[in-house]
Amino acid sequence: MAPRWATFDCYGTLVDWNAGISAELARLLGPLAAGPLLARYHEIEPRVQTEHPGRRYRDVMAAALAELVAQAGVVLPASEQDALGRSLPGWPVFPEVPAALAETRERGWRLVALSNTDRDLIDASLDAISVPFDLAIVASEVGSYKPAHGHWRAFYESTGADKSRHVHVAQSYFHDIVPARDLGIPSVWINRLGERADVAPTRELPDLNGLADVLDDLVPPE
């Protein structure tokens, strides 16, 4: 019986990166600045990733933060330039995630993280989730950032997975749902922010509650 594979984005999907980034922006620049600057940060980071696909994610975050604070007229001391990378292992896991992943795994799904990050950072986050993953593929090792297709190529090369028994689960429409659609991979959009999509994903949930049922519907157990 061929295995069933569920691949996951991590930050935004399993780990609350908005809470983590906002907390650091508030600490560095004050709580009133954190909200408006968070949206701007999410515009800067993908551009830095596109311009420098071989950079470590820790360095991408540092570059995006430096540009953001410069636009705000602030110069960070050297000790704070890696503030986001240093804080990332402490970013909170969404509360429903451990139970939802544990149930998914109990039903026989193999779990893989496809993350725009570095090995040490994803390892820390998966440890915090406390549900075993079979594999984690990270940007700094494949030399590209999603929405480029490098993570998915590496996933298929590493696992030999049957595409008909694979579902991708993610919060970011731009980074994950669109490329999954382009690659012909069924997807579950974890639409935590109540966004609207130009093209509908295969399935949509507001969080990971009920994920195992949706996955079993897309690829039934044999």
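Source: prediction; values computed, not measured.

Reading guide: rules and limits
- Residues numbered from 1 in each chain as written.
- Predicted model: local features only at pLDDT ≥ 70, side-chain atom pairs only at ≥ 80, totals over all residues.
- Heavy atoms only, no water.
- Phe/Tyr/Trp six-rings, centres within 6.5 Å; stacked < 30°, edge-to-face > 60°.
- Helix = DSSP H or I, 4+ residues; strand = E, 2+ residues; numbered from the N terminus.
- Buried < 20%, exposed > 50% of the residue type's maximum accessible area, 1.4 Å probe, protein only.
- Polar contact = N/O pair within 3.5 Å; in protein donor to acceptor, adjacent residues only side chain to side chain.
- Contact = heavy atoms within 4.5 Å.
- Pairing = 2+ DSSP bridges.
- Axes fitted to C-alpha atoms, helices over the stretch in contact; angles between N-to-C directions.
- Expected span 1.5 Å × (residues − 1).
- Arc of directions from axis to C-beta.
- Core = buried A, V, L, I, M, F, W, Y, C linked by side-chain atoms within 4.5 Å.
- Parallel < 35°, antiparallel > 145°, perpendicular 65-115°, else oblique.
- Left-handed = near helix turned anticlockwise from the far one by under 90°.
- Nonpolar A, V, L, I, M, F, W, Y, C, P; charged D, E, K, R; others polar.
- Salt bridge = Lys/Arg side-chain N within 4 Å of Asp/Glu carboxyl O.

**As for the packing of aromatic side chains**
The description of an aromatic ring pair rests on the distance of the ring centres and on the angle between the ring planes.
(1) Moving on: For the structure shown, the criterion picks out six aromatic pairs.
(2) Moving on: When the centroid spacing of 6.1 Å and the interplanar angle of 70 degrees are considered together, the rings of Phe 8 and Phe 133 count as edge-to-face. Residue Phe 8 is located in strand β1 (residues 4-8), and its partner Phe 133 is located in the loop between α6 (119-129) and β3 (135-138); the two are separated by 125 residues in the primary sequence. Grouping residues by exposure puts Phe 8 and Phe 133 together as buried.
(3) Moving on: Seen in terms of ring centroids, Phe 155 and Tyr 156 are 5.0 Å apart; in terms of plane orientation they differ by 55 degrees. Their pairing is tilted.
(4) Moving on: One aromatic cluster is present, built from ring pairs that chain together Trp 5, Phe 155 and Tyr 156.

**Overview of the side chain of Arg 4**
(1) Moving on: By secondary structure assignment, the location of Arg 4 is in strand β1.
(2) Moving on: In terms of polar contacts, Arg 4 uses its side chain to reach the backbone carbonyl oxygen of Arg 107, at 2.7 Å.
(3) Moving on: Within the structure, Arg 4 has its side chain in polar contact with the backbone oxygen of Val 219 (distance 2.7 Å).
(4) Moving on: Not counting residues up to four positions away in its chain, the partners in contact with Arg 4 are Arg 107, Gly 108, Trp 109, Arg 110, Arg 165, Asp 216, Val 219, Pro 220 and Pro 221.

**Section: the sheet that holds strand β4 (residues 166-170)**
(1) Moving on: If you walk across this open sheet you meet the six strands as β3-β2-β1-β4-β5-β6, and the pairing is parallel. Each having just a single partner strand, β3 and β6 (203-205) make up the two edges of the open sheet. Averaged over all adjacent pairs, the angle separating strand axes in this sheet is 20 degrees, with direction ignored.
(2) Moving on: Note: strand β2 (residues 109-115) against β3, four bridges, orientation parallel. Bridge pairing in β3 links Leu 114 to Ile 137.
(3) Moving on: In this fold helix α8 (residues 150-159) packs onto β1, β2, β3 and β4, with an angle of close to 145 degrees to the strand it touches most, β3.
(4) Moving on: Together, β4 and β5 (187-190) form the strand contacts of helix α9 (residues 173-182), whose direction differs from that of β5 by roughly 160 degrees.

**Topic: helix α1 (residues 17-29)**
(1) Moving on: In this model α1 runs 18 Å from its N-terminal to its C-terminal C-alpha over 13 residues, within 8% of the 18 Å that 1.5 Å per residue would give.
(2) Moving on: Of the residues making up α1, those classed as buried are Trp 17, Gly 20, Ile 21, Glu 24, Leu 25 and Leu 28. Buried residues in α1, looked at end-on, bunch into an arc of 125 degrees, giving them a common side.
(3) Moving on: Turning to α1, the residues buried within the fold contact α2 (31-51), α3 (57-71) and α4 (83-87).
(4) Moving on: One side-chain oxygen at the N-terminal end of α1 lies 3.4 Å from the backbone nitrogen of Asn 18; it belongs to Asp 16.
(5) Moving on: Of the residues trailing α1, Gly 30 is marked for its positive phi of about 105 degrees.

**Describing the nonpolar core**
(1) Moving on: Counting 55 residues, the largest nonpolar core has Phe 8, Tyr 11, Leu 14, Tyr 57, Leu 101, Val 188 and Leu 208 as the members making the most contacts within it.
(2) Moving on: Here this core gets seven residues from one element, more than from any other, and that element is α3.
(3) Moving on: Setting aside its immediate chain neighbours within four residues, Tyr 57 contacts Trp 17, Tyr 41, Glu 45, Gln 49, Leu 88, Asn 116, Thr 117, Asp 118, Leu 121 and Tyr 145.
(4) Moving on: Counting eleven residues, the second largest nonpolar core, distinct from the first, contains Trp 5, Leu 114, Ile 137 and Phe 155.

**Observations regarding the packing of α1 against α3**
(1) Moving on: Direction vectors running N to C along α1 and α3 enclose 45 degrees, while the axes themselves pass 13 Å from each other. On the basis of the axis angle, α1 is oblique to α3. As for the relative orientation of α1 and α3, their crossing is right-handed in sense. Seen from α1, the contacting residues are Trp 17, Leu 25, Leu 28 and Leu 29; seen from α3, they are Tyr 57, Leu 65, Leu 68 and Val 69.
(2) Moving on: Here the contact of α1 with α3 is composed, by residue class, of eight nonpolar, no polar and no charged.

**Some words on the pattern of salt bridges**
(1) Moving on: In total, this model carries 21 salt bridges according to the counting rule given.
(2) Moving on: For Lys 146, the salt bridge goes to Asp 9, with nearest N and O atoms at 3.0 Å. A residue pair is termed long-range when its members are at least 10 positions apart, and Lys 146 in the loop between α7 (139-142) and α8 and Asp 9 in the loop between β1 and α1 qualify at 137 residues.
(3) Moving on: Classification of Lys 146 by relative accessible area gives buried; the value is 1%.
(4) Moving on: Between Glu 67 and Arg 47 there is a salt bridge; the shortest N-O distance is 2.3 Å. Placement of the pair is Glu 67 in helix α3 and Arg 47 in helix α2, with a sequence separation of 20 residues.
(5) Moving on: A network of salt bridges, in which partner residues are shared, links Arg 4, Glu 103, Arg 107, Asp 213 and Asp 216.

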